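The lines below spell out each chain.
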Amino acid sequence: MMNSCANAEKESPAKEVINVDSLAVNPFQYSSYFEQIDYVPLEASKESLIGYVHNIHVYDEMFFVLDISTAKRLFIFDLNGT
């Protein structure tokens, strides 16, 4: 989610919250929620090993992955995972 200081008059599309804690009890079909799922394998070099993902954002065709406990870094990957 990105915030801005400008006044935006267009409405955001409706969002549905999926409670992931209930998925173990009530599994769902991903196809009910998504038209397409793409997997992006991230680079797996010694310098890019992520211990725990605290937060992840996708912005401007880049993945920003925050690991504040294990690697103590912000990782940035492109859509190819590099």
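Cut-offs used in this document
Residues numbered from 1 in each chain as written. Predicted model: local features only at pLDDT ≥ 70, side-chain atom pairs only at ≥ 80, totals over all residues. Heavy atoms only, no water. Helix = DSSP H or I, 4+ residues; strand = E, 2+ residues; numbered from the N terminus. Buried < 20%, exposed > 50% of the residue type's maximum accessible area, 1.4 Å probe, protein only. Contact = heavy atoms within 4.5 Å. Areas by Shrake-Rupley, 256 points an atom, 1.4 Å probe, with all protein chains shown as cover. Phe/Tyr/Trp six-rings, centres within 6.5 Å; stacked < 30°, edge-to-face > 60°. Pairing = 2+ DSSP bridges. Axes fitted to C-alpha atoms, helices over the stretch in contact; angles between N-to-C directions. Lys, Arg positive; Asp, Glu negative; His and termini not counted. Salt bridge = Lys/Arg side-chain N within 4 Å of Asp/Glu carboxyl O. Polar contact = N/O pair within 3.5 Å; in protein donor to acceptor, adjacent residues only side chain to side chain.

J.: Explain the overall build of the chain here, please?
T.: Each helix and strand counted, the chain has zero helices and three strands in total. Taken over 82 residues, the chain has a buried fraction of 9%. A separation of at least 24 residues holds for 28% of the contacts in the chain among residues at least 6 apart in sequence. In the form shown here, the chain has an accessible surface area of approximately 7700 Å², with 53% of it arising from carbon and sulfur atoms.

J.: Got a minute to help me understand the packing of aromatic side chains in this structure?
T.: For any pair of aromatic rings, the description consists of the separation of the ring centres together with the inter-plane angle of the planes. Scanning the entire structure with this criterion turns up one aromatic pair. Ring centres of Phe75 and Phe77 lie 6.3 Å apart, and the angle between their planes is 15°; this geometry places the pair in the stacked category. For Phe75, a relative accessible area of 4% puts it in the buried group.

J.: Looking at this structure, I do not really get the sheet that holds strand S3 (residues 73–78). What am I missing?
T.: Remark on secondary structure: sheet strands pair via backbone hydrogen bonds, oriented parallel or antiparallel. Spatial ordering of the open sheet is given by S1-S2-S3, a layout of three strands whose pairing is antiparallel. The open sheet has two edge strands, strand S1 (55–59) and S3, and neither has a second partner. Mean inter-strand twist for the sheet, computed between neighbouring axes without regard to direction, equals 20°. When strand S2 (residues 62–67) meets S3, the two strands line up antiparallel, connected through six bridges.

J.: Is there a simple way to explain the environment of Val65 in this structure?
T.: Here Val65 is to be found in strand S2. Taking relative accessible area as the criterion, Val65 reaches 1% and is therefore assigned buried. Along the primary structure Val65 and Phe77 are separated by 12 residues, whereas in three dimensions their C-alpha atoms are 8.1 Å apart. Setting aside its immediate chain neighbours within four residues, Val65 contacts Ile50, Val53, Asn55, Ile56, Arg73, Leu74, Phe75 and Phe77.

J.: Looking at this structure, how should I read the side chain of Asp67?
T.: Structurally, the position occupied by Asp67 is in strand S2. This buried residue, Asp67, is left without a salt bridge; Arg73 holds the nearest opposite charge, at 8.5 Å. Only 3.2 Å separates the side chain of Asp67 from the backbone nitrogen of Ser69, close enough to count as a polar contact. Leave out the neighbours within four places in its chain, and Asp67 touches Ile50, Gly51, Tyr52, His54, Lys72, Arg73 and Phe75.

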